[in-house]
Amino acid sequence: MTEASDTGLSGELAAYHDAMAARIGEKHRRHLGVVDALLIRRYAVAIGETSAVHHDTEAAKALGYEDIIAPPNLLSGIMEWGAGHAESELRPDGTYRPGPTSALRVMGAGEEMELLRPVTAGTELWLEDEVEEVTVKQGRSGALIFVTARHDFVGADGTPYNRNRRTVMARL
Amino acid sequence: MSAGFPKGQKLPDLVVAPTALQLFRYSAVTWNAHRVHYDEGWAKHEGHAGLLVHSHLHAANALRAVTEGLGPDWRLVHVSYRIVRPSTAGRTLRATAEVTGVSDDGGELELRLVEYDDGDMPCLEGTARAARR
């Protein structure tokens, strides 16, 4: 783990870096709920996916699935699986982040996904996650912080569905 | 069994033009309240040219190019990508996929993914591996 004092960061960048770095190695597990057919169909509509395997149960069954299946990155695309935070708890940019980091700008930078089995409508999932790495790079406009977290989506008995590593970039 | 895909084969491009409406609905279905995706004033305040396309929507486009190009006899098993350039609503995105490797038995494919933003500027670069179902 790299302390902010080693990175030359200050202010909100340092606060964000330290908050994320302090979470490295902390493992969390939580119940996400059931991925139902409505969520799958809505996600498919939102991305413009018209393939019948995501919309039509009989078409999915004809292909050997028990029901319609989720598009490949539905699990990773969901930003919040629970009710979410009250508006008063959100940062001005609409995101929820710990610490005094109101001025930071964040965006997705990339992802690695292992798609271990199809996610069929009715699948109940748990999420096991952990911050794995926090790095600092110098961009043209200043310091960039990259936070990489592992997200394992598993069934009740630990059956793995997706194993993802997602990187988010933060900057002032 | 469907026909295989030889090394070097390019799958059909997927051309899309994300709208403000699409970005709002993607934010809604993923319960993503980040204002850069639906509040143009805020997005510009953060220095973006317009409403920012979600990184996962870029990925969904790239993956659709693969799944639609390969057809239902194949399934994605591994994907890796980087967002190398942000894009905004109203621009045309073209997702491309090319077979870069085939296993000896033809049952597994490696693919290179590039999604271009309004021409030839890559905004997503990545790889995928697909297996015959």
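Note that the coordinates shown come from a computational prediction; the quantities given were computed from them, not determined experimentally. (Residues numbered from 1 in each chain as written. Chains lettered and ligands numbered in written order. Predicted model: local features only at pLDDT ≥ 70, side-chain atom pairs only at ≥ 80, totals over all residues. Heavy atoms only, no water.)

Colleague: What should I look at first to understand the overall build of chain B in this one?
Modeller: When helices and strands are tallied, chain B shows three helices and five strands. The secondary structure elements of chain B, listed N-terminal to C-terminal, are β-α-α-α-β-β-β-β. Considered along the principal axes of its C-alpha atoms, chain B spans approximately 55 × 30 × 20 Å. Going through the 133 residues of chain B one by one, you find that 51% of them count as buried. (Helix = DSSP H or I, 4+ residues; strand = E, 2+ residues; numbered from the N terminus. Buried < 20%, exposed > 50% of the residue type's maximum accessible area, 1.4 Å probe, protein only.)

Colleague: What is the right way to look at the interface of chain A and chain B in this model?
Modeller: Note: interface size is frequently given as the accessible area lost on complex formation between the parts. Listed by partner, the interface residues are 40 residues for chain A and 36 residues for chain B. Carbon and sulfur atoms make up 55% of the surface buried where chain A meets chain B, a total of about 3,100 Å² over both sides. Scanning the region where chain A abuts chain B turns up zero salt bridges. On inspection of chain A and its partner chain B, the count reaches 20 residue pairs in polar contact (both at pLDDT 80 or more). (Contact = heavy atoms within 4.5 Å. Buried area = accessible area lost by both parts, 1.4 Å probe. Salt bridge = Lys/Arg side-chain N within 4 Å of Asp/Glu carboxyl O. Polar contact = N/O pair within 3.5 Å; in protein donor to acceptor, adjacent residues only side chain to side chain.)

Colleague: Quick question: what am I supposed to make of the side chain of A:Arg150 here?
Modeller: Residues and elements named next belong to chain A. Its location among the elements puts Arg150 in strand S4 (residues 142-154). One polar contact links Arg150 to Asp152, side chain to side chain, over a distance of 2.6 Å. Excluding residues that lie within four positions of it along the chain, Arg150 makes contacts with Lys27, Glu128, Asp129, Glu130, Glu132, Asn164 and Arg165.

Colleague: How should the side chain of A:Arg166 be read in this particular structure?
Modeller: By the secondary structure assignment, A:Arg166 is in strand S5 (residues 160-171). Lacking a salt bridge, the buried A:Arg166 has A:Glu111 as its closest oppositely charged neighbour, with an N-O distance of 5.0 Å. Excluding residues that lie within four positions of it along the chain, A:Arg166 makes contacts with A:Met79, A:Gly108, A:Gly110, A:Glu111, A:Val147, A:Thr148, A:Ala149, A:His151, B:Ser55 and B:His56. (Lys, Arg positive; Asp, Glu negative; His and termini not counted.)

Colleague: Is there a simple way to think about unusual backbone geometry in this case?
Modeller: Of all residues except glycine, most have a negative phi; of all peptide bonds, most are trans. Residues and elements named next belong to chain B. At Trp31, a residue that is not glycine, the phi angle is positive and equals roughly 55°. Mapped onto the elements, Trp31 comes out in the loop between helix H1 (20-29) and helix H2 (40-45). Within the chain, Asp118 stands out as a residue other than glycine whose phi angle is a positive 45°. Position of Asp118 relative to the elements: it lies in the loop between strand S4 (108-117) and strand S5 (121-132).

Colleague: In this structure, what is going on with the pattern of salt bridges? I would like to understand it.
Modeller: Working definition: two side chains of opposite charge can pair if their charged atoms are close together. Residues and elements named next belong to chain A. The full count for this structure, using the stated rule, is 17 salt bridges over all chains. For Glu130, the salt bridge goes to Arg150, with nearest N and O atoms at 2.8 Å. Of this pair, Glu130 sits in strand S3 (residues 123-139) while Arg150 sits in strand S4, and the two are 20 residues apart along the sequence. The exposure class of Glu130 is buried, given its relative accessible area of 12%. The salt bridge partner of Glu132 is Arg150, with a shortest N-O separation of 3.7 Å. Taken together, the positions of Glu132 in strand S3 and Arg150 in strand S4 put the pair 18 residues apart, joining distant regions of the chain. Its relative accessible area of 29% is what places Glu132 among the partly exposed residues.

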